[in-house]
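# Chains, contacts and geometry: an overview
What follows is the residue order along each chain.
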Amino acid sequence: MSIESLFLSPVYLPMLGAALILVTKHFFTDRQRRVVEYLSALIAFVLPLIAFTFLIQPVLAHHQVHMILGTWETALGIHYHFDGLSFLLISLNLLISIPVWLYSRKTGPHQETFTVIFLIQSASIAATSLTADLFNLFVCLEVMGVTSYVLVASSEKDEALLSSFTYLIFSATAMVFFLIGTFGLYRISGSLAYDTIALAKNSLSGSDLLVARLSLVLIVVSVLLRTAVIPLSGWLVGAHSNAPHAVSALLSGVLIKIPLFALVRLLLLVTGTELLGSILAWAGGISTLVGIIMALREHHAKRLLAYSSVSQIGYVVAAYGLALASGLETEKGALLLALALLYSFSHALAKATLFMTVGRATDAIGTKNLHRARGALSELRAQGERFPFTGIAYLIAFLSISALPPAIGFWGKNTLVYLTKGHGATHLLSITSVLTIVAYLKLSRIFLPSKTTGVQKTVSSCSVLTNLSLIILTSLLLVGGIWYIELQTFVVQVLAPLGATTATLTSYSAAQDLLKTGITLSFALLIFFIGSKTRFEKRFEVRKGPVVSFPNLFFGFALLIAVMAWQLLIRGGVL
Amino acid sequence: MKRTLFIIKLIFILLILALAIFPVILSSHSWPVVSRDYLYENALSDTGAVNTVSSIYLGYRAMDTLGETLVLLVSITGTMGILINLGRENEEEEAVSFSLAPEKRATNAQRTHLLEVVASKLGPVVLLFGFYVMLYGHISPGGGFQGGVIVASAIVFLALGTETQTKLTNTNVLGRIESLSFLVLIIAATSGVFFESGFFGNPIKSGSSLSANFIILLNIIIGLKVGTSIAVMCIAMMGGRRGH
Amino acid sequence: MVIERILIFLLALVGFSAIVGAKNIIKKVFGLNILNAAVVLLYILEGSRIGEQAPILGEGVTTIVDPVPQALMLTAIVIGVCVTALALALAVRLYKATGSLEIDTISERLRSEH
């Protein structure tokens, strides 16, 4: 087996699995199709995971492969680049996709074609992480987008249709601007491969540089839309809260992070991204704060989780922006990028677990309203859950996302905030840490014992597969927390070829922050009790769901373009 | 007040986007000739296709085409899923089958004798033309996607024009062809990985006198896939298949 | 030489303003298509500046246009059509659910269901 066939396996094996399911759907009985679905999932997720264990060694040895698909000897072909970054992104996708798929067997969308679309999405995520070609990035993002519109719309609710439609129009329009950006860059470089584009762009001046920078801004903003950083996050809440639980878990966990890191490959090569990084850091900082405040104002369980995703992705974007701002060749920049990736990993695990457990609990109770939903544990027991898997998984995910020991999030958030010190956006991150705990304490009330016994009879969602998926995610959260230092060293070393080859971990240990965590926690508890005992909470909350307004969505889009273009052109010295 | 705010927002958005794309669209940089010159020299010997456009999208950049096929597959599955859910509400209503005898059809089936006569005569000709476009994609403008769409319209013509349901308008048969051609496409794409020609490389380069063999093969597979899947969707929209 | 591109630019703006400003969701889908078509025209037009003949090699063919934008747009057109199909299917469902095609009315009726 060549190394190409190993690292391309997450691209072609899911497609093969999808094709197999389609064939059995048309040629065999329903029963056989279900068997083949399991087989295909095995092919699509487990085989690449095994292939990736063979790749740990080469990746640790900083082995990189830059290839052109199909052995053409010209820059016209599609360039794929395999290194530590794509290794980590694909592993993240595989590790989250397996539990999500297992969970979807019992609760998820029951359409025949769900698994087919799910597998195609997985393939597109892998391709996005590998590609080093601008137009191929466009195609991969479109595949990713179309699969998520369909998955969101696969919910039975009518609101999901509107959310899917909003998401579709917004991101399809942005992708047209991506094409205009591609046009500008192709015109100046005559190529679509990142390295050729960067080479051509870095030697430009005058009006050509203006065109190149504007094209770059269009591309970056269109890709950031998928990441849902604050001025662009209007579509996320509807899409993620109305989708089926399993889909929400995947969208919030994996899909919003992949495009951001896929962009690194291009941004690393072109010069003048420091200003861009600084804007991203501010956008990330503002996202964290606005996202969590919106979450606090929400009384709908899944919308609270969705707003919290906006807030959490802000941490990732802030660290990512600061990494770009200080340059990846510096030690700090390299470390920050590694931490951004690690934090997105920890958030993916926690948020997937939260969506699954909260989805299961609110289904059992029969309402998603946080003021009425109580007694999830007893309801779940009444439906046949003998051991409280849901409650325990929720508790650990809660600890992780609120940055409390021993879960992975504690280390992740504290190291991240420590490293971002010195930039204005850090203060926003610190305030958010307190508010995040308050928001999740509010959400946790659904597990409080209820005064009235429920009469709601819903279909039981307890099954071996669901429990298994929760066990996998929970143990990953705990294992990541216990061996965090080793994990961090591994990630830093794997990412080393991207920037500073000498980047070593500073001797920071988050354990020193235990005291600070204690203070944060007590502040949070104080706010929570004041809020819940007084009438302040009710007055603070919004009554109805968010309104869809296209002018507002595109206002954010235009605003970010304006800010970025202003910074790059005026401060970057073109105009 | 609300109206004014809306107009201000609209003007702001349009102004910013116009300012951002105007310089890009009106860039005075001369168009690069490097790819064109390379293709002019080498495309024929590399891929065997006279049509350089098809040597790009089925040769050099075949991965894009695969992605495009995936988008088509997902959007057709999604569209069918969304529309079939719609039919579930009025389950008792007999589905409108265009292959039923005229008196059995529901009244809303908009079919006239004129349509039937024209469509049934036109169908075979269009079908033949579709296969021509598909098979000659490597030497003339055309290819799998274009040919496939023409084949799909021919199938729709036949479905509209014939009283009895033939194999060609049976969604089960079409679905089988679609799924098989998708499987063959994926196998053709991945087999290169194991034959040292790389992902989407040409695994059958040697061993054939026809130089554009791989492009012809891909054109046929993609044409069948596109044609059958669009035909299935159109037939489903006309009510030819009942929801699950 | 510039006038075509200014027309394309205006076409793109027409499409974009329909997406942002139109109340009717079908008009939004139309706007998306117009915007898409403007970009396709832009690529094809600019790619054809460097030659006179269609990019099909053969006897006497010397100055072909750049085939790369044509191949790229082939992909972009198909993707655009797929997205349109999906958007229209969603629009049909939204109409069945709420009885309206106006985005504000749809949003209002879906919210008041709860």
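Residues numbered from 1 in each chain as written. Chains lettered and ligands numbered in written order. Predicted model: local features only at pLDDT ≥ 70, side-chain atom pairs only at ≥ 80, totals over all residues. Heavy atoms only, no water.

### Considerations on the overall build of chain B
Threshold: Secondary structure is summarised from DSSP: a helix means a run of H or I of at least four residues, a strand means a run of E of at least two, and numbering begins at the N terminus for each. Residue burial is assigned from relative accessible area. The probe radius is 1.4 Å, only protein chains are included, and a residue is buried under 20% of its type maximum, exposed over 50%, and partly exposed in between. Note on definitions: a residue-residue contact is assigned when non-hydrogen atoms from the two residues lie within 4.5 Å. Per-residue and other accessible areas were derived by the Shrake-Rupley procedure at a 1.4 Å probe size, with only the shown protein chains allowed to occlude residues.
Regarding its fold elements, chain B presents 8 helices and 0 strands. From first element to last, N terminus to C terminus, chain B shows the α and β order α-α-α-α-α-α-α-α. Considering chain B as a whole, with its 244 residues, one finds that 55% of them fall into the buried category. Excluding contacts between residues fewer than 6 apart, the proportion of contacts in chain B whose partners are at least 24 apart in sequence is 68%. When the accessible surface of chain B is totalled, it reaches about 11000 Å², and 67% of it is carbon and sulfur.

### Here's the deal with the interface of chain B and chain A
The condition is simple: The salt bridge criterion pairs a side-chain nitrogen of Lys or Arg with a carboxyl oxygen of Asp or Glu, the two atoms within 4 Å. Pairing of N or O atoms within 3.5 Å defines a polar contact, subject to two protein rules: one partner must be a possible hydrogen donor and the other a possible acceptor, and residues neighboring in sequence count only if both atoms are side-chain atoms. Side-chain classes follow a simple rule in which Ala, Val, Leu, Ile, Met, Phe, Trp, Tyr, Cys and Pro form the nonpolar group, Asp, Glu, Lys and Arg form the charged group, and the remainder, Gly included, forms the polar group.
Each side of the interface is counted separately: chain B has 59 residues, and chain A has 65 residues. Taken together, chain B and chain A are joined by 1 salt bridge. The salt bridge involving A:Asp133 is made with B:Arg61; its shortest N-O contact spans 2.7 Å. Linking chain B to chain A there are 9 residue pairs in polar contact (both at pLDDT 80 or more). Looking at the side of chain B that touches chain A, the elements with two or more residues in it are helix H1 (2–25), helix H2 (34–47), helix H3 (52–60), helix H4 (62–87) and helix H7 (171–194) of chain B. Element by element, the count of residues in the side of chain B that touches chain A is highest for H4(B), at 14 residues. A per-class count over the side of chain B that touches chain A returns 33 nonpolar, 18 polar and 8 charged.

### Details of the packing of helix H16 (residues 331–365) of chain A against helix H21 (residues 464–482) of chain A
Residues and elements named next belong to chain A. Rule in force here: Here an axis means a line fitted to C-alpha atoms, over the contact stretch when the element is a helix, while the angle between two N-to-C directions is reported on a 0 to 180 degree scale. The sense of a crossing depends on the near helix, which, turned anticlockwise from the far helix by less than a right angle, makes the crossing left-handed and, turned clockwise, makes it right-handed.
Following both chains from N to C, one finds H16 and H21 inclined at 145°, their axes separated by 10 Å at the closest point. The way H16 lies across H21 gives a crossing that is left-handed. Contacts from Ser 346, Leu 349, Ala 350, Ala 352, Thr 353, Met 356, Thr 357 and Arg 360 in H16 reach Thr 466, Asn 467, Ser 469, Leu 470, Leu 473, Leu 476 and Leu 477 in H21.

### Quick look at the side chain of A:His26
Relative to the helices and strands, A:His26 is located in helix H2 (residues 9–27). On the basis of relative accessible area, A:His26 is assigned to the buried category, the value being 17%. Within polar-contact distance, the side chain of A:His26 engages the backbone oxygen of B:Gly175 at 3.4 Å.

### A short note on the packing of aromatic side chains
Cut-off, in case you're wondering: Aromatic contacts are taken between Phe, Tyr and Trp rings whose centres are within 6.5 Å, Trp giving its six-membered ring; a plane angle under 30 degrees counts as stacked, one over 60 as edge-to-face, and the others as tilted.
Inspection of the entire model under this criterion finds 33 aromatic pairs over all chains. A centroid spacing of 6.3 Å and a plane angle of 15° characterise the contact between A:Tyr394 and A:Phe398, whose relative ring orientation is stacked. Residue A:Tyr394 and its partner A:Phe398 are located together in helix H18 (residues 389–401), separated by 4 residues, close to a single helical turn. Across the pair, exposure class does not vary: A:Tyr394 and A:Phe398 are buried alike. Ring geometry for B:Phe22 and C:Phe9: centres 4.8 Å apart, planes at 70°, overall edge-to-face. Of this pair, B:Phe22 sits in helix H1 while C:Phe9 sits in helix H1 (residues 2–21), which puts the two residues in different chains. Within the aromatic cluster, the residues linked to one another by ring pairs are A:Phe170, A:Phe177, A:Phe550, A:Phe554, A:Phe557 and C:Phe16.

### As for the layout of surface pockets
Residues and elements named next belong to chain A. To be explicit about the condition: Any residue with an atom within 4 Å of a point lines the site, the site being either a cavity, points on a 1 Å grid over the protein atoms alone where a 1.4 Å probe fits but cannot get out, or a pocket, an open set with protein on both sides within 12 Å along at least 5 of 7 lines. Grid points are joined across faces, edges and corners, and a volume is the space filled by probe spheres set on the points.
Taken as a whole, the second largest pocket holds about 530 Å³ of empty space. Considering the residues around the second largest pocket, the lining is formed by 22 residues, among which Ser 91, Leu 95, Phe 345, Leu 487 and Phe 490 are closest to the centre. Elements represented by at least two residues in the lining of the second largest pocket include exactly helix H3 (30–60), helix H4 (84–106), H16, H21 and helix H22 (484–495). With 6 residues, H4 is the single largest residue contributor to the lining of the second largest pocket. Of the residues in the lining of the second largest pocket, the class split is 18 nonpolar, 4 polar and no charged.

### Some points on the environment of C:Tyr43
If you trace the backbone, C:Tyr43 turns up in helix H2 (residues 25–47). Remark: the alpha-carbon pair of C:Tyr43 and C:Met73, spanning 30 residues in sequence, is separated by 7.4 Å. Sequence-distant contacts of C:Tyr43, defined by excluding residues within four places in its chain, comprise A:Leu179, A:Thr182, A:Phe183, C:Pro69, C:Leu72 and C:Met73.

### A few points about the confidence of the model for chain B
Residues and elements named next belong to chain B. Basically, it comes down to this: The predictor's confidence in any single residue is recorded as pLDDT, a number from 0 to 100.
Summing up the model confidence of chain B, the mean pLDDT is 81 and the portion of residues at 70 or higher is 78%. Summarising per-element confidence for chain B, the mean pLDDT is lowest in H2 (85) and highest in H1 (92). For residues 89–97, every residue scores under 50 in pLDDT, and the model assigns this stretch 12 contacts once sequence neighbours within four places are set aside.

### Structural notes on the pattern of salt bridges
Residue and element names in this part refer to chain A. Evaluated as defined, the whole model comprises 14 salt bridges over all chains. We note a salt bridge from Arg 33 to Asp 30, for which the minimum N-O separation is 3.2 Å. With Arg 33 and Asp 30 both in helix H3 and 3 residues apart, the pair spans about one turn of that helix. The network of salt bridges with shared partners includes Asp 30, Arg 33, Arg 34, Glu 37 and Arg 105.

### Looking at helix H3 (residues 67–98) of chain C
Residue and element names in this part refer to chain C. Just so we agree on the cut-off: What a helix should span is 1.5 Å times the count of its residues minus one.
Between its first and last C-alpha, H3 extends 46 Å over 32 residues, near the 46 Å set by a 1.5 Å rise per residue. Its side-chain oxygen at 3.2 Å from the backbone nitrogen of Val 68, Asp 66 defines the N-terminal cap of H3. Phi for Gly 99, located one or two positions after H3, is positive at around 75°.

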